Amino acid sequence: MKLVITCVFWIVDLLLGFLTGFHRKDVVIMSFKKITQRYLATSFFPNLLVVLADAAGNIVEMSSEGALGQGQIYLKLTRFIKLNRVLRLSYMLRHGKVAQAWDALANFMRRQGLHEQFTFLSRVIKLVFYIMWVNHVGGCLWHIAGEEARIHWYLDGNFAEVSQNGRAFDYLVGFYWSAASMIAGGSIMTPRTTLEILTTVFFVVFGFIFSSVLISSLLSIVMEYQNANKERDDKLKTLRQFLYQHRVDLRVAVPIVTQVSARMGTRKWISEGEVTALSLLSPTMHLELWFQIYGPSMATNPMICACNSVDCGLVKEICYRALQHASHRPGTRIFELNDQAVGAYFVYMGSLEYVGIAGACPGGAARGE
């Protein structure tokens, strides 16, 4: 049943490619004819090959044992074509609901002051997943190419016959060979055919390179984590020393340290000037970007809303040509009473507090959060 479900899923995914639009310069193309032409010229046939390989593998697995004879070995080779599904699933995860949920979780951890720990743990988990996946592929490769070596290894170790061990045991043996070859640099089974020798040499060399890259990546992650925490700890240590040397009362010192520590864990608001890649956008895409970000806030103004009903492109033009982004820390005075007006303020995120003459800010002011 599982085999049928996976096969149906990828068939539906293959057909949905004819209904998925694409970007051409600054325009989203939704014409069925153009989508079909582009799909047939790019990823249709690789995806079709994956579906056919999946169907062939399902036929082999659902058939009776040995019914297809030696041809079953060659059909197993088609399973490697299905590695393309990993790329498809990776794309879906990066651009779908899973990516949005992951971003929401990262933002929650950032608000809790656990952003560095969460980032470190997620990157380590990603490396572990890569290791498991590469060894899975290596185990499947050895299961196909290392038939003779595996049989002799069973016999030398006084194991039961291959057919009596079950698929799970055979898979674990292949995974064990893959992990040993990648980490130790040597095969636990003596290759006995040319294909087995070539497979072993290839995977040992590949495992050496892959392990080196993983070790360097892991060291880089650990060093970044330590440096990030060290910088934060050094700043807090300096702050505590300053408060201690100036004999600041604990009733004031503790809230100061707590607030500074909390703000260190908050997300830094990125301004347009810090994103250098935005300079590569065309004016049309730039206009669409600012309209998506700031348009909803500006459209709440009655006058602009009325003008936009006459000229539907007014809000877009204002966002692109007359809008300037500014961010303020909580409690910052944005303008005072009797200040000369130089523009209109639209609250995109956060809130404003208007303080009158009798309030905490003499003369009246607006404070942002």
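Just above, that's the structure.
This write-up is about the structure you can find in this document.

What counts and how
Residues numbered from 1 in each chain as written. Predicted model: local features only at pLDDT ≥ 70, side-chain atom pairs only at ≥ 80, totals over all residues. Heavy atoms only, no water. Salt bridge = Lys/Arg side-chain N within 4 Å of Asp/Glu carboxyl O. Helix = DSSP H or I, 4+ residues; strand = E, 2+ residues; numbered from the N terminus. Buried < 20%, exposed > 50% of the residue type's maximum accessible area, 1.4 Å probe, protein only. Patch = residues over 30% accessible without salt bridge, like charges linked within 9 Å, V, L, I, M, F, W, Y side chains within 5 Å. Areas by Shrake-Rupley, 256 points an atom, 1.4 Å probe, with all protein chains shown as cover. Polar contact = N/O pair within 3.5 Å; in protein donor to acceptor, adjacent residues only side chain to side chain. Core = buried A, V, L, I, M, F, W, Y, C linked by side-chain atoms within 4.5 Å. Contact = heavy atoms within 4.5 Å. Phe/Tyr/Trp six-rings, centres within 6.5 Å; stacked < 30°, edge-to-face > 60°.

Points about the pattern of salt bridges
Taken as a whole, this structure holds 2 salt bridges when the rule is applied. One salt bridge in this structure joins E224 and R123, with 2.7 Å as the shortest N-O distance. A residue pair is termed long-range when its members are at least 10 positions apart, and E224 in helix α11 (residues 194-245) and R123 in helix α7 (residues 115-145) qualify at 101 residues. Among the salt bridges present, the one from D249 reaches R251, with a minimum N-O distance of 3.0 Å.

Quick notes on unusual backbone geometry
The backbone of R247 sits at a positive phi, close to 55°, despite the residue not being glycine. Given the relative accessible area of 78%, R247 is considered exposed.

Let's talk about a nonpolar patch on the surface
Taken together, the side chains of I197, V201, V205, F208, I209 and V213 define a hydrophobic patch exposed on the protein surface, amounting to about 560 Å² of accessible area. Along the chain, V205 turns up in helix α11.

Considerations on the side chain of S122
Counting through the fold element by element, S122 comes out in helix α7. Of the polar contacts made by the side chain of S122, one reaches the backbone oxygen of T119; its length is 2.8 Å.

Brief notes about the nonpolar core
One finds V134, W142, W177, M182, M189, F203 and F210 to be the most contacted residues of the largest nonpolar core, which totals 13 residues. Elements with a contribution of two residues or more to this core: α7, α8 (147-156), α10 (167-183) and α11. Among the elements that make up this core, the one with the highest residue count is α11 (4 residues). Once residues within four sequence positions are removed from consideration, W177 is found in contact with G138, W142, S187, I188, M189, T199, T200 and F203.

Comments concerning the environment of S122
By relative accessible area, which is 17% here, S122 ends up buried. Taking the C-alpha atoms as reference points, S122 and A106, 16 residues apart in sequence, are found 9.9 Å from one another.

Digging into the packing of aromatic side chains
Given two aromatic rings, their pairing is described by the distance between the two centres and the angle made by the two planes. Enumeration according to the criterion identifies 11 aromatic pairs in this entry. Among the aromatic residues, ring-to-ring pairing joins W142, W177, F202, F203, F206 and F210 into one connected group.

So, the environment of A184
Take A184: it is sitting in the loop between α10 and α11. Given a relative accessible area of 66%, A184 falls into the exposed group.

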